[in-house]
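Here are the chains, one letter per residue:
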Amino acid sequence: VAEFHLLSGAHPTTLESDRMTSHGDHALEVIVAERACERLLYEYARCIDRGDAADVAALFTDDAVWLADDIDMRGREAIRKAFNARQSVTRRQSRHVITNVLVDLTSSDEAQAVAYLVNYRHDSTTGTAEHPAPADHPKLVGDYHLEFRHVDGAWRIASLRFDVAFLRSRRG
């Protein structure tokens, strides 16, 4: 009905106008929530690449789960501890390139997402990361599967699972 009125130039009734505004407000809330989750994923990648372990852990819920083939971290403190170890690797230059992010709000305080990761990584033999670091192709490419939860007024990562799709072969 609203589309007909808009296309025909007729003015919607007050009831129809209220319905359109309500629907528009809900759509905007969904877009804002989905964008907040997407931004959280980008911030996660930037924190890892900068080596900011405390900042990485703060992006997760207290009871978060981080899973990959050989990694099983449960809880924010376990995630912080693992990224503290990564932070101490000063020879590494990396970029976590996140793309094809698709976030779906599943409730007013929960969302799910999938995204691709292209990871460029170089470990210098000098002990200090090289800038720019040599790279002929990515270290790995894979899929992130995420769950987000809105907690205390902010979106946080509740679950992150990473599946490798392509892996650079080791060189002799």
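For the structure, see preceding data.
Just so it is clear, the structure is predicted and the values come from calculations on it, not from any experiment.

Caption draft 1: Spatial organisation of helix α4 (residues 76-87). In this model, α4 (twelve residues) spans 16 Å end to end at C-alpha, consistent with the 16 Å of a helix rising 1.5 Å per residue. Among all positions of α4, only I79, F83 and R86 are buried. When α4 is viewed along its axis, its buried side chains cluster within an angular range of 40° and face the same direction. Turned more than 90 degrees away from the buried face of α4 sit E77 and K81, all of them exposed.

Caption draft 2: Quick look at unusual backbone geometry. Note the cis peptide between H131 and P132, where omega equals -5°. Along the chain, P132 falls in the loop between β4 (110-123) and β5 (140-151). One non-glycine residue, N100, lies in the positive phi region at around 50°.

Caption draft 3: Structural context of the pairing of strand β6 (residues 154-167). Two strands pair when backbone bridges link them, and strand β1 (residues 60-68) and β6 are joined in this way by four bridges, in the parallel orientation. The partner of L67 across the bridge, within β6, is R161. Both β5 and β6 contribute to a ladder of twelve bridges, which runs antiparallel. The residue of β6 that forms the bridge with L146 is L160. The hairpin turn running from β5 into β6, its antiparallel successor, is two residues long, and D152 in that turn takes a positive phi close to 50°.

Caption draft 4: Region of the structure containing the packing of aromatic side chains. In total, this model carries four aromatic pairs according to the counting rule given. Aromatic pair Y44 and F60: ring centres 6.0 Å apart, planes at 75°, arrangement edge-to-face. Taken together, the residues Y44 in helix α2 (residues 14-50) and F60 in strand β1 connect sequence positions 16 residues apart. Aromatic side chains Y144 and F162 sit 5.2 Å apart centroid to centroid with 55° between the ring planes, which places their arrangement in the tilted category. On the criterion of sequence distance, the pair formed by Y144 in strand β5 and F162 in strand β6 is long-range, its members being 18 residues apart. Here the two residues Y144 and F162 agree in accessibility, since each one is buried. An aromatic cluster of at least three residues, connected via ring pairs, comprises Y44, F60, F83, Y144 and F162.

Criteria and cut-off values
- Residues numbered from 1 in each chain as written.
- Predicted model: local features only at pLDDT ≥ 70, side-chain atom pairs only at ≥ 80, totals over all residues.
- Heavy atoms only, no water.
- Helix = DSSP H or I, 4+ residues; strand = E, 2+ residues; numbered from the N terminus.
- Expected span 1.5 Å × (residues − 1).
- Buried < 20%, exposed > 50% of the residue type's maximum accessible area, 1.4 Å probe, protein only.
- Arc of directions from axis to C-beta.
- Pairing = 2+ DSSP bridges.
- Phe/Tyr/Trp six-rings, centres within 6.5 Å; stacked < 30°, edge-to-face > 60°.

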